[in-house]
Amino acid sequence: MARPTLRKPAIIFVTAFIVCIAGWGAWRAVTWFTQREPAPMDTGAMRGVIIASPALALPAFQLTDGNNRAYTNEQLKNHWTLIYFGYTHCPDICPTTLQTLAKVTAQLSDTQRNDTQVLFISLDPKRDSSAIIKDYVAHFDASFTAASAPATALHVLTEPLGVIYEFEGDTNKPDYTLNHYGAVFIMDPQARLRAYILPPHEAPRVLEAYTKIRVYYGGHS
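Residues numbered from 1 in each chain as written. Predicted model: local features only at pLDDT ≥ 70, side-chain atom pairs only at ≥ 80, totals over all residues. Heavy atoms only, no water.

### Structural notes on the environment of Thr171
Note that Thr171 resides in the loop between β7 (165-168) and β8 (177-180). The class of Thr171 is partly exposed, set by a relative accessible area of 30%. When the C-alpha atoms of Thr171 and Arg127 are compared, they prove to be 9.8 Å apart, with 44 residues separating the residues in sequence. Those residues within four positions of Thr171 in sequence are excluded, and the remaining contacts are Lys126 and Tyr176. (Helix = DSSP H or I, 4+ residues; strand = E, 2+ residues; numbered from the N terminus. Buried < 20%, exposed > 50% of the residue type's maximum accessible area, 1.4 Å probe, protein only. Contact = heavy atoms within 4.5 Å.)

Structure representation (structure tokens):
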């Protein structure tokens with residue numbers, strides 16, 4: 001019996017289908033290659049710089065910023081963000097760290113400065129209202145953003161980032177203190193943790209770490 005033959009239109013259809021499948025496979029391969037996580041950056045002699053590899057995506061969170069508006073994961077996207085957790089009554093490490101971050105951002109190139117934001121997150125919502133935290137960060141740099149939230153909402157962020165803090169003294173009185181973790185967190189434009197820098201925070205060390213991390217992981221020089 002003679003073997004059936006494909007007519008020309010059928011041959012063209014099958015050929016086109018194979019080409020489409022091959023093209024789709026190639027696109028998937030290129031996408032995987034370009035989006036895969038690079039090898040962890042070698043921090044070399046940079047002390048106290050810890051790389052998160054792979055990058056840590058944050059769970060959905062919601063804070064309230066200094067303008068009394070919602071601050072969520074969306075506000076972290078399309079920027080590199082330096083995050084610091086503290087409180088406005090902090091006597092030492094909070095103001096000195098924010099001063100350091102102001103010096104760091106002032107030394108960035110125009111391109112770097114345009115896509116860098118600094119976020120101060122208060123761990124003391126009882127005393128730190130939106131108006132208070134807004135005024136507080138403005139003393140260091142008018143471009144800085146501040147946010148806070150009740151403890152349960154803060155926990156959504158502090159838990160995955162490993163931010164440990166505890167109140168000391170009677171929180172029903174105005175003079176209690178707060179012991180807290182003092183790292184600066186570096187978030188990439190996909191709202192993922194890329195690295196954190198442990199104290200003490202000298203401006204040259206933070207600047208070097210930040211610029212190298214953003215260049216290595218796809219930022220602009």
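### Some words on the packing of helix α2 (residues 93-106) against helix α6 (residues 203-216)
Describing two packed helices takes the angle between their axes plus the distance from one axis to the other. In the contact formed by α2 and α6, the axes pass within 9 Å of each other and the chain directions differ by 55°. Here α2 is positioned oblique relative to α6, judged by the angle of their axes. For α2 against α6, the interelement crossing comes out right-handed. Two secondary-structure elements touch here, α2 through Thr100, Leu101, Lys103 and Val104 and α6 through Ala203, Val206 and Leu207. Class assignment for the residues of the contact of α2 with α6 results in 5 nonpolar, 1 polar and 1 charged. (Axes fitted to C-alpha atoms, helices over the stretch in contact; angles between N-to-C directions. Parallel < 35°, antiparallel > 145°, perpendicular 65-115°, else oblique. Left-handed = near helix turned anticlockwise from the far one by under 90°. Nonpolar A, V, L, I, M, F, W, Y, C, P; charged D, E, K, R; others polar.)

### Focus: the sheet that holds strand β1 (residues 49-57)
Within the open sheet, the 8 strands sit side by side as β1-β10-β9-β4-β5-β6-β2-β3. Their pairing is mixed. Of all the strands in the sheet, the pair left with one neighbour each is β1 and β3 (70-72). For this sheet the average axis-to-axis angle between neighbouring strands, irrespective of direction, equals 30°. Of the strands in this sheet, β1, β4 (80-86), β5 (116-122), β9 (184-187) and β10 (192-197) are in contact with α6, which crosses β10 at around 150°. (Pairing = 2+ DSSP bridges.)

### Focus on the pairing of β4
With respect to burial, β4 is a largely interior element, 7 of its 7 residues being buried. Burial of β4 is two-sided: the residues Trp80, Leu82, Tyr84 and Gly86 facing one way and the residues Thr81, Ile83 and Phe85 facing the other way are all buried. Pairing of β4 with β5 involves 7 bridges; the strand directions are parallel. Paired with Trp80 across the bridge in β5 is Thr116. Direction of pairing for β4 relative to β9: antiparallel, over a ladder of 4 bridges. Each bridged residue has a counterpart across the sheet, and for Tyr84 the counterpart in β9 is Val184.

### Examining the pairing of β5
The buried fraction of β5 amounts to 7 of the 7 residues, a majority that puts the element mostly inside the structure. Residue alternation in β5 divides its side chains into two sets, Thr116, Val118, Phe120 and Ser122 and Gln117, Leu119 and Ile121, and both sets are buried. Bridge count for β5 against strand β6 (residues 145-148) is 3 bridges, and the pairing is parallel. Note that in β6 the partner of Phe120 across the bridge is Ala146. Following the backbone out of β5, through helix α4 (residues 130-138) and into the adjacent parallel β6, one traces a crossover that is right-handed. (Right-handed = clockwise from strand over helix to strand, strands pointing away.)

### Notes on the pattern of salt bridges
Close approach of charged atoms lets side chains of opposite charge pair. In total, this model carries 10 salt bridges according to the counting rule given. A salt bridge links Arg69 to Asp65; the shortest N-O distance between them is 3.8 Å. By relative accessible area, Arg69 is classed as exposed at 52%. Across the salt bridge formed by Arg214 and Asp115, the nearest N and O atoms sit 3.0 Å from each other. Placement of the pair is Arg214 in helix α6 and Asp115 in the loop between α3 (110-114) and β5, with a sequence separation of 99 residues. (Salt bridge = Lys/Arg side-chain N within 4 Å of Asp/Glu carboxyl O.)

### A few points about the environment of Gln62
Looking at the secondary structure, you find Gln62 in strand β2 (residues 62-65). Overall, Gln62 belongs to the exposed group, its relative accessible area being 51%. Between the alpha carbons of Gln62 and Ala153 there is a distance of 6.8 Å; along the sequence they are 91 residues apart.

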